[in-house]
Amino acid sequence: MSTVLHYPAARAEESYAYLQHKLRYYTDAWDLAEDLARGEAAIVVFDARSPEHYAAGHICGAHSFPHRTISAHSTAALDRSKVYITYCDGIGCNGSTKAALKLAALGFQVKELIGGLDFWKRDGHPLAGGTAAGEWPQHGAAAGCGC
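What comes next is a walk through the structure.

A contiguous patch of negative charge, built from D28, D31, E34 and D123, is present on the exposed surface. With respect to the element layout, E34 can be found in helix α2 (residues 29-38). Judged by relative accessible area, which is 36%, E34 ranks as partly exposed.

What follows is the structure, encoded as structure tokens:
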């Protein structure tokens with residue numbers, strides 16, 4: 001008997017519903033880069049790592065918001081109509097999950113970036129350094145962030 005088919009595959013309509021549901025919680029580096037390049041105003045990107053890690057390199061336009069600092073007080077001025085994308089180092093880090101959990105508990109819409117900064121870099125998307133969020137480069141992803 002097939003090891004793969006030991007557990008039967010879901011029916012097509014079950015797979016469709018599950019996968020559509022799953023995409024409500026996650027985004028990937030490519031989709032996020034496209035939205036940032038277009039200046040999508042409905043999303044805000046939060047780097048959930050420490051300020052030191054953020055300063056060493058972060059996604060262009062991302063704001064430093066370490067997961068340990070997220071509270072009702074620290075989020076009071078955030079726009080509740082936005083969708084907040086959280087990320088950390090990568091699949092070995094759960095900072096983005098902790099940040100998303102805290103934000104969701106406070107009533108914000110959230111998605112996590114699959115693979116975090118690791119997958120972002122693997123795809124060759126631009127990075128910014130220092131404490132400023134930076135802006136998306138005007139001349140392609142390889143140009144860097146001009147901050």
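Still to come is the rest of the account.
Okay, the nonpolar core next. Counting 16 residues, the largest nonpolar core has L32, L36, V45, I59, Y87, L113 and W120 as the members making the most contacts within it. Of all the secondary structure elements, the ones that give two or more residues to this core are α2, β2 (43-47), β5 (83-87) and α5 (116-122). With 4 residues, α2 is the single largest residue contributor to this core. Ignoring any residue separated from it by four or fewer positions in sequence, one finds Y87 in contact with V45, F46, D47, A48, R49, H58, I59, A62, S96, L113, G116 and L117. Formed by 11 residues, the second largest nonpolar core is a distinct cluster that contains A48, F65, Y84 and A99.

Spatially, the 5 strands line up as an open sheet ordered β1-β6-β5-β2-β4, and their pairing is parallel. The open sheet is flanked by β1 (26-27) and β4 (63-64), the only strands paired with a single partner. In terms of strand pairing, β2 meets β4 through 2 bridges, oriented parallel. If you follow D47 over to β4, its bridge partner there is S64.

Thresholds, definitions, all that
- Residues numbered from 1 in each chain as written.
- Predicted model: local features only at pLDDT ≥ 70, side-chain atom pairs only at ≥ 80, totals over all residues.
- Heavy atoms only, no water.
- Patch = residues over 30% accessible without salt bridge, like charges linked within 9 Å, V, L, I, M, F, W, Y side chains within 5 Å.
- Areas by Shrake-Rupley, 256 points an atom, 1.4 Å probe, with all protein chains shown as cover.
- Salt bridge = Lys/Arg side-chain N within 4 Å of Asp/Glu carboxyl O.
- Lys, Arg positive; Asp, Glu negative; His and termini not counted.
- Charge placed at Lys NZ, Arg CZ, Asp CG, Glu CD.
- Helix = DSSP H or I, 4+ residues; strand = E, 2+ residues; numbered from the N terminus.
- Buried < 20%, exposed > 50% of the residue type's maximum accessible area, 1.4 Å probe, protein only.
- Core = buried A, V, L, I, M, F, W, Y, C linked by side-chain atoms within 4.5 Å.
- Contact = heavy atoms within 4.5 Å.
- Pairing = 2+ DSSP bridges.

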